[in-house]
Number of protein chains: 2
Amino acid sequence: MSLQSLPGAVAKKEPVAEMRSAKISESAVRRLSLYLRLLQEADSLGQETISSEELADRAGTTAAQVRKDLSLFGSFGKRGLGYAVSELLQEIREILGLNRSWRVALVGAGKIGSALITYRNFRTRGFHIEAVFDTDPDKVGKRWGTQTILDDTEMGSVLAGKRIEIAVIAVPADAAQGVVDRVVASGVSAILNFAPVRLRVPKGVSLRNVDMVVEMEGLAFALTSTER
Amino acid sequence: MSLQSLPGAVAKKEPVAEMRSAKISESAVRRLSLYLRLLQEADSLGQETISSEELADRAGTTAAQVRKDLSLFGSFGKRGLGYAVSELLQEIREILGLNRSWRVALVGAGKIGSALITYRNFRTRGFHIEAVFDTDPDKVGKRWGTQTILDDTEMGSVLAGKRIEIAVIAVPADAAQGVVDRVVASGVSAILNFAPVRLRVPKGVSLRNVDMVVEMEGLAFALTSTER
DNA sequence: CTATCATTGTGAATGATTTCACAAGGTGTC
DNA sequence: GACACCTTGTGAAATCATTCACAATGATAG
Ligand SMILES: NC(=O)c1ccc[n+]([C@@H]2O[C@H](COP(=O)([O-])OP(=O)(O)OC[C@H]3O[C@@H](n4cnc5c(N)ncnc54)[C@H](O)[C@@H]3O)[C@@H](O)[C@H]2O)c1
Ligand SMILES: NC(=O)c1ccc[n+]([C@@H]2O[C@H](COP(=O)([O-])OP(=O)(O)OC[C@H]3O[C@@H](n4cnc5c(N)ncnc54)[C@H](O)[C@@H]3O)[C@@H](O)[C@H]2O)c1
């Protein structure tokens, strides 16, 4: 069932079909995720309404940007007043698909993997790690939190059996493409990659990279070109 | 000494002063970092020349984009032939400021910190972690690789004494802003932040965020809006 | 030495994103 | 209920980034 077939499910007035087919930029989605976090903070402090300006200040952007981002999905505010915090919160959760939990697998039970498995912010946001895989015979069978590390050879059947939706890749760079190919073949269509390689995925599979070396090099460039 | 005062130090012909003052987009810098990695791979395989098209294929972008990115800094290719791999490699290292090592401190000796401290790709790229700080009395004094974990209260003097240039923030979200304020006061002007908060830094301080929840939520959005 | 070929470097065109600016709509006051 | 005041939602304008397209240039073969 596609969202296009549910006019009005997400937003209030706009032509929903267009809304959803208009492609939303990655940076807009990043900002929405940030707004959500800021709204949750405001909400937990008991704040009831917030203006685009206040939200923008906290997010480090402009009021116009906030309003434009939100207007991609509907009109959620009250003129003269701002936005109802808890209501906007809920709208953004809906937009981002966070009113449900997601089944996640972790491939690579190494150093990064061990940090991720206990990362509370994943679980509280509805990302549930439901399988962990590794090739190392010393690791397979060990318990990691609620999970037992499974052998890499079981990956295909377990991913399909558990209907895993998102895979987190935390294996060495030279193993990453092979893992991704198998993961995709098992029906996973979203991947968060920590290995420093540019992975190839078929159309229809979403890929995000977390590349710490690229970030550090960006800082080095900034320091170098400022030359303080 | 500013780079502006060294015309020709980096590139070959272009008006260097303009080049450096023209601000380079963050995405261009990210791509340069990626090109560098790909060139190193090609180089270690013995490849001697590479065309913008081949580099683009490997980087997942277009040949025009590669040429435009490089042309921001000079002309490094040979028409009809392409780029000399080892030469372009060296040019990009120079552009990004990687022909030297960088003094890095890690604040927060927790799960993420322990992964980072052993991350070989940092060290091989010239990012040397020269101090680690934590507040936890059980951790302070412990040895972590080549480093002894120092008490957070020593941070100011150690950062200044070792002339640390880049700080990696791996403390809980609610401690992060306080740490950043102190780190900046000690002369650090580049920060890599892993805490899920929007940090405030004075102008002149570079900040990059690695925000895994934002990335996961981006994947959730993609899955939700595709609705497969 | 000339012709052919490949590939760069770069203005100009296009496309995407952000910012501006203001009419529209809502609240609160007297 | 009229007036003053805020803040949204959104076209239009401005800015920024990418792609196109081709003249310029060097390599190579004959
Ligand atoms: N350690 C860090 O701080 C850090 C930071 C950024 C990126 N990364 C990247 O993340 C990845 C993992 O890094 P790490 O430090 O955790 O390494 P690690 O060596 O500690 O862990 C890698 C794990 O992957 C397992 N593995 C290898 N091939 C596999 C396969 N085909 N299927 C399943 N498991 C397999 C290994 O047995 C090992 O347990 C690397 O690509 C690294 O470059 C690490
Ligand atoms: N674990 C993960 O996979 C993961 C992933 C993404 C982001 N993060 C973020 O990274 C940060 C650290 O996460 P973690 O899992 O390593 O947490 P952790 O609790 O394992 O480690 C945090 C460390 O910071 C120390 N600390 C607290 N206050 C400090 C201060 N003022 N100065 C110095 N040290 C201080 C604590 O003693 C602790 O050792 C958090 O903000 C977390 O949200 C973690």
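In what follows, the accompanying structure is described. Counting from 1, residues in each chain are numbered in the order their sequence is written. To read the labels, note that chains go from A and ligands from 1, taken in the order they are written. In keeping with the model being predicted, local features are shown solely for residues with a pLDDT of at least 70 and side-chain atom pairs are shown and tallied solely at 80 or more, while totals for entire chains, interfaces and linings include all residues. Just so you know, side-chain values use all the structure's heavy atoms and leave hydrogens and water out.

### Let's talk about the site of ligand 1
Next, step 1: Residues are labelled near a given molecule or strand when at least one of their non-hydrogen atoms is within 4 Å of it. Taken together, 25 residues lie around ligand 1, and A:Lys111, A:Asp134, A:Lys139, A:Asp152 and A:Val171 are the ones closest in.
Next, step 2: The residues that come close to ligand 1 belong to more than one chain, namely chains A and B.
Next, step 3: A distance of 2.5 Å separates an oxygen atom of ligand 1 from a polar atom in the side chain of A:Asp134.
Next, step 4: Any pair of nitrogen or oxygen atoms within 3.5 Å is treated as a polar contact; in protein, a donor-acceptor pairing is required on top of that, and neighbouring residues in sequence qualify only through side-chain atoms on both sides. A:Lys139 places a side-chain nitrogen or oxygen 2.7 Å from an oxygen atom of ligand 1.
Next, step 5: Working definition of accessibility: Shrake-Rupley area with a 1.4 Å probe, residue cover restricted to the visible protein chains. Burial of ligand 1 by the protein amounts to 85% of the accessible area it has alone, namely 810 Å².
Next, step 6: When residues of the shell around ligand 1 are traced back to their parent elements, those giving at least two are helix 6 (111-117) and helix 9 (173-185) of chain A together with helix 6 (111-117) of chain B.
Next, step 7: Helix and strand labels come from DSSP, where a helix needs a run of H or I of at least four residues and a strand needs a run of E of at least two; each type is numbered from the N terminus. When residues in the shell around ligand 1 are grouped by element, the largest group, three residues, is from helix 9 of chain A.
Next, step 8: Amino acids outside the nonpolar list (Ala, Val, Leu, Ile, Met, Phe, Trp, Tyr, Cys, Pro) and the charged list (Asp, Glu, Lys, Arg) are all regarded as polar, and Gly is one of them. Broken down by class, the residue content of the shell around ligand 1 amounts to 16 nonpolar, four polar and five charged.

### Observations regarding the protein's contact with DNA strand C
Next, step 1: Near DNA strand C you find 25 residues, and of these A:Arg31, A:Arg79, B:Ser52, B:Arg67 and B:Tyr83 are the closest.
Next, step 2: Near-protein atoms of DNA strand C (within 4 Å) split between backbone and bases, with sugar and phosphate holding 64%.
Next, step 3: Within the side chain of B:Arg67, a nitrogen or oxygen atom sits 2.7 Å from a base nitrogen of DNA strand C.
Next, step 4: A distance of 3.2 Å separates a phosphate oxygen of DNA strand C from a polar atom in the backbone of B:Phe76.
Next, step 5: The set of elements that each furnish at least two residues to the surface near DNA strand C consists of helix 2 (26-44) and helix 4 (63-71) of chain A together with helix 4 (63-71) of chain B.
Next, step 6: Its residues placed into classes, the surface near DNA strand C shows four nonpolar, twelve polar and nine charged.

### Remarks on the sheet that holds strand 5 (residues 143-144) of chain A
Think of a sheet as strands paired side by side through backbone hydrogen bonds, with each pair either parallel or antiparallel.
Residues and elements named next belong to chain A.
Next, step 1: In space, the seven strands of this open sheet follow the order 5-6-4-3-7-8-9, with mixed pairing throughout. A strand with exactly one partner marks an edge of an open sheet, and here the two such strands are strand 5 and strand 9 (206-209).
Next, step 2: DSSP calls a pair of strands paired once it identifies at least 2 bridges connecting them. Bridging between strand 4 (residues 127-134) and strand 6 (residues 147-151) involves three bridges; their strand directions are parallel. Among the inter-strand pairings, Phe 133 is bridged to a residue of strand 6, identified as Leu 150.
Next, step 3: The criterion used for residue contact is that any of the two residues' heavy atoms lie within 4.5 Å. Helix axes use the C-alpha atoms of the stretch in contact, all axes being lines fitted to C-alpha atoms, and the angles between their N-to-C directions lie in the range 0 to 180 degrees. Most of the contacts of helix 9 go to strand 7 (residues 166-169), to which it runs at about 170 degrees, and overall it touches strand 3 (102-107), strand 7 and strand 8 (190-193).

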